[in-house]
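Coordinates in review
Here is how the chains run, residue by residue.
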Amino acid sequence: MSKGTSIKEAIKQWEEKEGTPVADATVVKLLGKIPPIEKMDAALSALSHVQQLSLSTNCIEKIANLNGFNNLRILSLGRNNIKSLAGLEPVSKTLEELWISYNNIEKLKGIEVLSNLKVLYISNNKIADWKQFDLLAKLPSLESLVMTGNPLQEKHMEAGDWAEQVAQRLPSLKKLDGVPVVRDE
């Protein structure tokens, strides 16, 4: 099996394609590398100044090396092999959007540190029980949540009570699965 693309190699490819040094960028997208990026290694520190970082469509298994990312507002890690939300602590104060759909996440432990999170795209994972919503309820800024394709969502969509159940558990939520949340007063 071939070894994956390193973060350092991906950054070099990005600079060549964009014709600008990564140090001048606020948005960096290292999407779908061939061979795929397998880990968020220490070379990621070269991107610590960015506001938006996308590492989607790779083979990353864990969130790591986000120390010093003091400006990061949007992190996109969709379509990887991530099983855990551990590793988000360094961006706990700045991260506003987390896009992490199409991974292997069963539990939301680690999400509760994101005190300014407004948008969470976590569709097509393996979240199957309401206990995970206790952690989401600790996010006072959460306004938009996309959970389609998770076992819990599918079960309650079939039962017809999905939106009602979520609205009760997340009072600050304004949008669920792309649809405005309507509450009975």
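As a reminder, the structure under discussion sits directly above these lines.
Computed from a predicted structure; not experimentally measured. (Residues numbered from 1 in each chain as written. Predicted model: local features only at pLDDT ≥ 70, side-chain atom pairs only at ≥ 80, totals over all residues. Heavy atoms only, no water.)

Considerations on the overall build of the protein chain
The line we're drawing: Runs of E in the DSSP output that reach at least two residues are strands. Runs of H or I that reach at least four are helices, and both are numbered from the N terminus. For the radius of gyration, the atom set is restricted to C-alpha positions; the globular benchmark scales as 2.2 Å times the number of residues to the power 0.38.
For the protein chain, the helix and strand inventory stands at four helices and eight strands. Along the protein chain, helices and strands appear, N-terminal first, in the series α-β-β-β-β-β-α-β-α-α-β-β. For the protein chain, the C-alpha radius of gyration of 17 Å lies close to 16 Å, the compact-globule estimate for 185 residues. When its C-alpha atoms are laid out on the principal axes, the protein chain stretches across 55 × 35 × 25 Å.

Section: the sheet that holds strand 1 (residues 27–29)
So the rule is basically this: In short, DSSP must find at least two bridges between two strands for them to pair.
Strands sit in the order 1-2-3-4-5-6-7-8 across an open sheet of eight strands; the sheet is mixed. If you trace the sheet from one side to the other, it starts and ends with strand 1 and strand 8 (179–180), each paired once.

Structural notes on the environment of Ala42
Threshold: Note on classification: 1.4 Å probe, protein chains only; a residue is buried when its accessible area is under 20% of the maximum for its type, exposed when over 50%, partly exposed between these limits.
Tracing the chain through its elements places Ala42 in the loop between strand 1 and strand 2 (52–54). A residue is classified by how much of its surface remains accessible, and Ala42, at 53% relative accessible area, is exposed. C-alpha separation for the pair Ala42 and Leu139, spaced 97 residues apart in sequence, amounts to 29 Å.

Considerations on helix 3 (residues 151–159)
Convention followed: As used here, the arc is the angular range of directions from the helix axis to the C-beta atoms. Residues count as neighbours in contact if any of their non-hydrogen atoms are within 4.5 Å of one another.
Looking at helix 3, one finds that the buried residues are Leu152, Gln153 and His156. Down the axis of helix 3, the smallest arc covering the buried residues is 95°, so these residues share one side. Exposed residues on helix 3 whose side chains face more than 90 degrees from its buried face are Lys155 and Glu158. For helix 3, the secondary structure elements touched by its buried residues are helix 2 (131–136) and helix 4 (162–169). One or two residues past the end of helix 3 sits Gly160, with phi positive at roughly 85°.

So, the environment of Ala23
Its location among the elements puts Ala23 in the loop between helix 1 (7–18) and strand 1. As for Ala23 and His49, which are separated by 26 residues in sequence, their C-alpha atoms are 7.6 Å apart.

A few points about the packing of aromatic side chains
Spelled out, the test is: Working definition: rings of Phe, Tyr and Trp (its six-membered ring) pair if their centres are within 6.5 Å, and the pair is stacked with planes under 30 degrees apart, edge-to-face with planes over 60 apart, and tilted otherwise. Geometrically, a lysine NZ or arginine CZ counts as sitting over a ring once it is within 6 Å of the ring centre and also within 35 degrees of the ring normal.
Enumeration over the complete set of coordinates arrives at four aromatic pairs. Judged by centre distance (3.9 Å) and plane angle (5°), the rings of Trp99 and Tyr121 are stacked. A residue pair is termed long-range when its members are at least 10 positions apart, and Trp99 in strand 4 (residues 97–99) and Tyr121 in strand 5 (residues 119–121) qualify at 22 residues. Its relative accessible area of 32% is what places Trp99 among the partly exposed residues. Pairing Trp130 with Trp162 gives two aromatic rings, centres 5.6 Å apart and planes at 25°, and the pair type is stacked. Placement of the pair is Trp130 in the loop between strand 5 and helix 2 and Trp162 in helix 4, with a sequence separation of 32 residues. One aromatic cluster in this structure is built from Trp130, Phe133 and Trp162. Across the ring face of Tyr102, the terminal group of Arg79 is positioned such that the distance to the ring centre comes to 3.9 Å.

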